[in-house]
Amino acid sequence: MTALLERWDTCTDPRADFAHRWAIACEYIADAAQRSQFRDSDWTLTLLDLLVDFYFITIEPEGDDLALVTADAWKAAHERAAAPVRNPRQTALLGYNALICNDLPQAIGDLLATEWPAPAELVEDRYHDAQLLFELVAASMDDDGCIALAWFDDIWPQAMSLVTAPDDCWRDLIRDDIELTALRRAHLIACDIGCREQLLALPERELDRVFPVRHEAPECRVSARVPVWGVPAAASF
C-alpha cells in the first residue's frame, strides 16, 4: 500500500485520495489488533489482508485489462476518480461503497467457509470482530461514516448466506446479488437521483425492491447499468 501511494502521489493519480483513506482505516485496524481489542486478532488481520487483496486485484498490475476481475462497484469508483470533473467526497464514498458493500460480505463469507461448520460461540466472536473492523473503516470516512453505518446490517446476513449456500451455483447467485446491490448504491452516489440519502440508507432487500430509479445521461454517470423495472422509486419518497 505504501509503494502504491508513493507511486500515485508522484504521478498525481486521482485514485490516491481513496487509497490514502483506506490506508488510514488499515492503520486503525492494525492498531486495534495490537491493543487486543478484537477477540481474535489473527482472524481479523487475515480478513483485512483478504480485503486488501480484493482491492489490489482491481488496480494491479497497472496497464493490464482488469475488466474481468473488477466488480462493477469498483469500476464506478475508478471511473469517477478518473473523470475530468470530479467530486472528491463522491469518489471517496464510491470507494467505500465498493469496499464495504461489495467486498466485505464476500471476504467474511470466504473466511468463515474455511472453518465451517462452526460452534455458536465462535460465530459470535467472528461477528463481534467483523463489526468492530467495519466500525473502524467507518471511522475513517469522516462525516460520511453515518451513511455507511446503515450498511452493516446487510453485511453479516450476506456473509452467512454465502457460507450456508447448498452449492456453488447458489453461492454464485448470492455473490451476483451482493454485487448488484453495491452497483445500485454506486449509482445513487454518482448520479443525479432525488432522495439519494434516504435510498442509500435502505437495507439491501428494500433497496433492491425500489431501485433503480430511471435516469439517463447526463444524469447517469456510471457505465455499468442495472436492470430497470416499474415506476421510478424516488416518486414514493
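For clarity, every value in this text was computed on a predicted model and none was experimentally measured. (Residues numbered from 1 in each chain as written. Predicted model: local features only at pLDDT ≥ 70, side-chain atom pairs only at ≥ 80, totals over all residues. Heavy atoms only, no water.)

## Quick notes on the pattern of salt bridges
The full count for this structure, using the stated rule, is 17 salt bridges. The residue Arg21 makes a salt bridge to Asp142 at a minimum N-O spacing of 3.6 Å. One end of the pair, Arg21, is in helix α2 (residues 16-34); the other, Asp142, is in the loop between α6 (120-139) and α7 (145-149), with 121 residues separating them in the sequence. One salt bridge connects Arg209 with Glu206, and the closest N-O pair in it is separated by 2.5 Å. A residue pair is termed a helical-turn pair when its members lie 3 or 4 positions apart in one helix, as Arg209 and Glu206 do in helix α11 (residues 204-210) at 3 residues. Taking the relative accessible area as the measure of exposure, Glu206 reaches 29% and is therefore partly exposed. Residues participating in the shared-partner salt-bridge network are Asp17, Arg21 and Asp142. (Salt bridge = Lys/Arg side-chain N within 4 Å of Asp/Glu carboxyl O. Helix = DSSP H or I, 4+ residues; strand = E, 2+ residues; numbered from the N terminus. Buried < 20%, exposed > 50% of the residue type's maximum accessible area, 1.4 Å probe, protein only.)

## Thoughts on a negative patch on the surface
On the surface, Asp167, Asp172, Asp176 and Asp177 cluster together into a negatively charged patch. Within the secondary structure layout, Asp172 lies in helix α9 (residues 168-190). (Patch = residues over 30% accessible without salt bridge, like charges linked within 9 Å, V, L, I, M, F, W, Y side chains within 5 Å. Areas by Shrake-Rupley, 256 points an atom, 1.4 Å probe, with all protein chains shown as cover. Lys, Arg positive; Asp, Glu negative; His and termini not counted. Charge placed at Lys NZ, Arg CZ, Asp CG, Glu CD.)

## A few points about the packing of helix α4 (residues 72-81) against α9
Interaxial distance between α4 and α9 falls to 8 Å at its minimum, and their mutual angle equals 25 degrees. Between α4 and α9, the angle falls in the class roughly parallel. Contacts between α4 and α9 involve Asp72, Ala73, Ala76 and Arg80 from the former and Ala182, Leu183, Ala186 and Ala190 from the latter. Of the residues that constitute the contact of α4 with α9, the class distribution is 6 nonpolar, no polar and 2 charged. (Axes fitted to C-alpha atoms, helices over the stretch in contact; angles between N-to-C directions. Parallel < 35°, antiparallel > 145°, perpendicular 65-115°, else oblique. Contact = heavy atoms within 4.5 Å. Nonpolar A, V, L, I, M, F, W, Y, C, P; charged D, E, K, R; others polar.)

## Let's talk about the side chain of Thr70
Mapped onto the elements, Thr70 comes out in the loop between α3 (41-56) and α4. Given the relative accessible area of 10%, Thr70 is considered buried. Those residues in contact with Thr70 that lie beyond four places of it in its chain are Thr58 and Lys75.

## Brief notes about the packing of aromatic side chains
A complete count under the given rule lists 8 aromatic pairs for this structure. Residues Tyr127 and Phe152 carry aromatic rings whose centres are separated by 5.9 Å and whose planes lie at 55 degrees to one another, so their mutual orientation is tilted. In this pair, Tyr127 sits in helix α6 while Phe152 sits in helix α8 (residues 152-164), placing the two residues 25 residues apart along the sequence. Taking relative accessible area as the criterion, Tyr127 reaches 31% and is therefore assigned partly exposed. (Phe/Tyr/Trp six-rings, centres within 6.5 Å; stacked < 30°, edge-to-face > 60°.)

## Re the environment of Asn102
Within the secondary structure, Asn102 sits in helix α5 (residues 88-113). Side-chain polar atoms of Asn102 contact the side chain of Asp103, separated by 2.8 Å. (Polar contact = N/O pair within 3.5 Å; in protein donor to acceptor, adjacent residues only side chain to side chain.)

## Side note on the packing of α5 against α6
Two measures define how a pair of helices packs: the angle their axes make with one another and the distance between the axes. Close contact between α5 and α6 brings their axes to 12 Å; oriented N to C, the two are set at 160 degrees. When the interaxial angle is binned, α5 and α6 end up roughly antiparallel. Crossing hand, α5 versus α6: right-handed. Residues Tyr96, Leu99, Ile100, Leu104, Ile108 and Leu112 of α5 form the contact with α6, whose participating residues are Arg126, Ala130, Leu133, Phe134 and Val137. Of the residues assigned to the contact of α5 with α6, the class counts are 10 nonpolar, no polar and 1 charged. (Left-handed = near helix turned anticlockwise from the far one by under 90°.)

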